[in-house]
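Residues per chain are reported as follows:
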Amino acid sequence: MSKPKPKEKPFVISKWAVWEAYERVKANQGAAGVDGESIEEFERDLRGNLYKLWNRLSSGSYFPPPVRAVEIPKKDGRVRVLGVPTVADRVAQTVVRLYLEPAVEPIFHPDSYGYRPGRSALDAVAVCRRRCWGNDWVIDLDIRSFFDSLDPALVLRAVSRHTELRWILLYVERWLSAPLQLGDGTLVARDCGTPQGSAISPLLANIFLHYAFDMWMARDFPHVPFERYADDVVIHCRSERQARVVVAAVAKRLARCRLEIHPDKTRIVYCKDSNRTGSYEHESFGFLGYTFRPRRARSRSGELFVSFCPAVSDEAAKAIRQAIKRWRLHLWSGATLADLAHFCNLIVQGWINYYGRFYPSALIQSLRRINDYLVRWAMWKYKRLRGRGRRAWRLLATIAQREPTLFAHWRLGVLPKAG
C-alpha cells in the first residue's frame with residue numbers, strides 16, 4: 001500500500017523569491033522588531049528560518065507579528081511613529097513586493113519618483129527646478145498623516161487591479177491590520193494606515209496614489225505638471241488663479257479618497273526671480289531636503305541675476321552642522337589626519353552627492369565647520385601648536401595644497417586657508 005502523497009500548497013511561491021527577498025533585507029540592514037531578533041541572529045538558522053517562512057506563506061498560515069513602534073521627533077515638536085517589522089516579516093513583505101512591483105511599475109506615472117527603480121529624489125528635484133523656471137506658481141501640497149490615514153479597503157481595491165494572486169491580497173490585508181506594539185508592550189489595534197518603515201508600505205502608497213492622485217491629475221488637469229515623491233507633492237501652475245482652482249479640486253479629490261490636505265502646510269508659492277518681480281505671501285518652499293527660493297546666480301557671461309532655484313534646506317544644513325559637532329574631531333588626538341579623512345569621507349561624500357548637486361555654495365558654508373575642527377585637532381595633537389591657531393591653519397593649508405583630495409570637502413573646493 002503506497003503512502004498518501006502530501007497535499008500541495010494552496011499558494012505557489014518560489015523559494016528563490018524568498019531567498020532574493022532575504023538578500024535585499026540583509027543589504028538594507030535595519031533594527032530588530034518586537035521579537036528582538038537581529039539579522040545576525042536570524043542567520044544562525046538561516047536555512048530553517050527561510051524554509052519555515054516559505055512554508056507558512058505557501059500554506060496561507062502566515063500571520064504577521066505586531067510592528068514595533070518607534071517615535072521619531074518632527075520639526076514641529078510632534079513625533080512621527082515608524083513601524084519596525086521583524087526580520088522574518090520584512091522578508092515576507094519583500095517577497096510580495098518582488099511579485100507585485102513588476103506588474104505595477106510599468107503603469108506608474110512618469111512624474112512619480114519615490115521608491116521606484118531607476119528614479120531618485122534628485123531626479124525629482126531637477127525636474128521641479130526646471131518647471132519652476134517655466135511656471136510662475138507652485139502648490140506645495142502636504143497630505144495630513146498620509147501613511148496613518150490610508151483606507152485599507154481602498155488600498156486593497158487598488159492592489160487587486162494588478163494581481164490575481166490571492167495570497168498577495170491575503171497578506172496585504174493582514175499587514176494593513178497588524179497591531180503596533182508600544183515601548184511598554186501595549187498593543188494598539190489599527191483600522192487604517194500602513195506603518196512607515198515597512199518594506200511593503202512604499203509600494204502600497206505608490207499604488208494608492210497612482211489612482212487617488214496621479215491618474216486623476218492626468219485626467220482632470222492634463223496640462224498641469226507635478227512631481228510626486230511618495231506623499232510629497234509639488235504642482236506647477238501658470239497663474240495664482242489656476243493654483244487656487246487646482247488646490248481646491250485636489251482637496252475635494254483627496255477627501256473622496258479618505259485623505260485630507262494639511263490646511264496650514266499646503267501653500268501657494270510665487271516663483272520670484274529677476275524676470276518675475278512683485279511680491280507674494282509665500283516665495284519659497286521645501287522639497288526633499290532642498291529649499292526653493294530666489295537666490296543670486298551668475299550667468300555664463302558672468303552677469304549676476306536672481307534665479308528661483310533649490311539649495312540645501314536650513315533644516316538639512318543644521319543637521320549637517322550638528323553631526324559634525326557630534327564627531328568631536330578635535331579630541332581624536334590619537335588619530336592621524338588620514339584616519340580622520342577616512343571617517344569623514346564616508347559621510348561627507350554622501351552629503352556632497354545629494355545636497356551638492358544644486359547650488360553647492362549653500363552646502364559649503366556648513367562643510368567649512370570640518371576645517372575648524374581639524375585646526376582644533378592639530379592644536380590638541382601637536383604641542384608646538386597649542387594656543388597657536390594661525391600656525392595650525394597654515395599647517396592645514398599646506399597639507400591641503402599638497403593633498404587636495406584627502407578630504408571629500410576639500411575636493412569640493414572647501415580648502416583651509418592660512419590665517
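Structural notes, computed from the coordinates. This is a predicted model, so every value here is computed, not measured.

Here is what the cut-offs are and how they apply
- Residues numbered from 1 in each chain as written.
- Predicted model: local features only at pLDDT ≥ 70, side-chain atom pairs only at ≥ 80, totals over all residues.
- Heavy atoms only, no water.
- Helix = DSSP H or I, 4+ residues; strand = E, 2+ residues; numbered from the N terminus.
- Buried < 20%, exposed > 50% of the residue type's maximum accessible area, 1.4 Å probe, protein only.
- Contact = heavy atoms within 4.5 Å.
- Salt bridge = Lys/Arg side-chain N within 4 Å of Asp/Glu carboxyl O.
- Pairing = 2+ DSSP bridges.
- Axes fitted to C-alpha atoms, helices over the stretch in contact; angles between N-to-C directions.
- Polar contact = N/O pair within 3.5 Å; in protein donor to acceptor, adjacent residues only side chain to side chain.

1. Structural notes on the overall build of the protein chain
Across its full length, the protein chain holds 15 helices and 11 strands. In terms of overall dimensions, the protein chain has C-alpha extents of about 90 × 60 × 40 Å along its principal axes. For the protein chain, buried positions account for 47% of its 419 residues. Of all intrachain contacts in the protein chain linking residues separated by at least 6 positions in sequence, the fraction that spans at least 24 positions is 67%.

2. Re the pattern of salt bridges
Oppositely charged side chains are able to pair whenever their charged atoms sit close together. What the rule picks out here adds up to 13 salt bridges. A salt bridge links R131 to D111; its shortest N-O distance comes to 3.2 Å. Note that R131 is positioned in helix α5 (residues 121-134) and D111 in the loop between α4 (87-104) and α5, a separation of 20 residues in sequence. Three or more residues are tied together by salt bridges with common partners; here these are D111, R131 and E227.

3. Some details on the sheet that holds strand β7 (residues 232-237)
Across the sheet, which stays open at both edges, the four strands sit in the order β6-β7-β3-β8 with antiparallel pairing between neighbours. Since the sheet does not close on itself, it has two edges, and those belong to β6 (226-229) and β8 (267-270), each with one partner. This sheet shows a mean twist of 20° between the axes of neighbouring strands, independent of strand direction. With four bridges connecting them, strand β3 (residues 137-142) and β8 associate as antiparallel partners. Among the inter-strand pairings, V138 is bridged to a residue of β8, identified as V269. Against the sheet, helix α9 (residues 201-220) engages β3, β6 and β7, with an angle of about 175° to β6.

4. Here's the deal with the sheet that holds strand β5 (residues 187-188)
Taken in spatial order, the four strands of this open sheet run β2-β1-β4-β5, and their pairing is mixed. Both edges of this open sheet fall to β2 (79-84) and β5, since each of them pairs with a single strand only.

5. Remarks on the side chain of S307
Along the chain, S307 falls in strand β11 (residues 304-312). In this view, S307 contacts W133, D273, R293, P294, R295 and A297; residues no more than four positions away in its chain are not counted.

6. Thoughts on the side chain of N371
For N371, the location among the structural elements is in helix α13 (residues 361-381). N371 gets classed as buried once you look at its relative accessible area, which sits at 3%. There is a polar contact of 3.2 Å between the side chain of N371 and the backbone oxygen of V414. Sequence-distant contacts of N371, defined by excluding residues within four places in its chain, comprise W393, L396, H409, W410, V414, L415 and P416.

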